[in-house]
Amino acid sequence: MNSNTLRVAIAQYTPKWLDKKDTLKVIEEAITRAAEQKAELLVFGEAFWPGYPFWLAYLDGAAWEKPGNKALHAHYLKNAIVPENGDMDPVISLASKYGMSIYLGIVERAQDRGGHSLYCSLAYIDAKKGLCSVHRKLQPTYDERLTWSPGDGNGLQAHPLKGFKVGGLNCWENWMPLARTALYAQGVNVHI
């Protein structure tokens, strides 16, 4: 493929909900299948790894003293992704092996923030450079605020990929004009 084309694959898979280890297997399968199709960029959805906290809307998620809610939050925290601990290494390795860049939605347990908060993050992995950025969702929406912390603009980064500049946002952030503008100002012409 020349530098004027980019083969993009969308991973429409279901995570093994709230299971970091088994969801990694799903991610690895998706990468392998995308590689067979000669994808150069593979994109996963928001909070794919280890899954979206949908229970918040159905189980009275703000009732912190309920044992079930405490257990779910503790389990979610335990299964969150910690890039500093090497959780992303298998994905980075496969990206390198197949020459594929990846945008992966993760629930991040950020060590640079004390390791006690969770963020809805969008990780960008370059085929050659590895993990290049982790964008933390600026403002979690609705029930998400019960489990995800607000991010900051540090991860609003554009990345060169072939003849393009790629950048991305999470879900509702795409309605935030200044977040998009921050990426457009860096020359993004492929928006995830």
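Residues numbered from 1 in each chain as written. Predicted model: local features only at pLDDT ≥ 70, side-chain atom pairs only at ≥ 80, totals over all residues. Heavy atoms only, no water.

So, about the environment of L72. In this fold, L72 is placed in helix α2 (residues 67–78). Separated by 64 residues in sequence, L72 and R136 have C-alpha atoms that sit 22 Å apart. In this structure L72 touches L18, W55 and L59, once residues within four positions along its chain are discounted. (Helix = DSSP H or I, 4+ residues; strand = E, 2+ residues; numbered from the N terminus. Contact = heavy atoms within 4.5 Å.)

Next up on the list: the sheet that holds strand β1 (residues 8–10). Read across the sheet, five strands follow the order β1-β2-β3-β4-β5 without closing on themselves; strand pairing throughout is mixed. Looking along the sheet, the strands with just one partner apiece sit at the ends: β1 and β5 (130–136). Averaged over all pairs of adjacent strands, the angle between strand axes in this sheet comes to 25 degrees, irrespective of strand direction. Pairing of β1 with strand β2 (residues 41–43), which is carried by three bridges, proceeds in the parallel orientation. If you follow A9 over to β2, its bridge partner there is L42. (Pairing = 2+ DSSP bridges. Axes fitted to C-alpha atoms, helices over the stretch in contact; angles between N-to-C directions.)

Moving on, we come to unusual backbone geometry. A cis amide bond links W49 with the next residue in sequence, P50, at an omega value of 5 degrees. Tracing the sequence through the fold places P50 in the loop between β2 and α2. With a phi angle near 60 degrees, L18 is a residue other than glycine that sits in the positive phi range. Structurally, L18 can be placed in the loop between β1 and α1 (20–36). Overall, the relative accessible area of 4% leaves L18 in the buried class. Phi at A47 takes a positive value of approximately 55 degrees, unusual for a residue other than glycine. (Buried < 20%, exposed > 50% of the residue type's maximum accessible area, 1.4 Å probe, protein only.)

Bringing the pattern of salt bridges into the picture now. Within this structure, the stated rule accounts for ten salt bridges. K25 serves as the salt-bridge partner of D22, at 3.4 Å between the closest nitrogen and oxygen. A residue pair is termed a helical-turn pair when its members lie 3 or 4 positions apart in one helix, as D22 and K25 do in helix α1 at three residues. A relative accessible area of 27% places D22 in the partly exposed class. When the shortest N-O distance is used, the salt bridge between K70 and E65 registers 3.3 Å. Connected through shared salt-bridge partners, E46, K137 and E144 make up one network. (Salt bridge = Lys/Arg side-chain N within 4 Å of Asp/Glu carboxyl O.)

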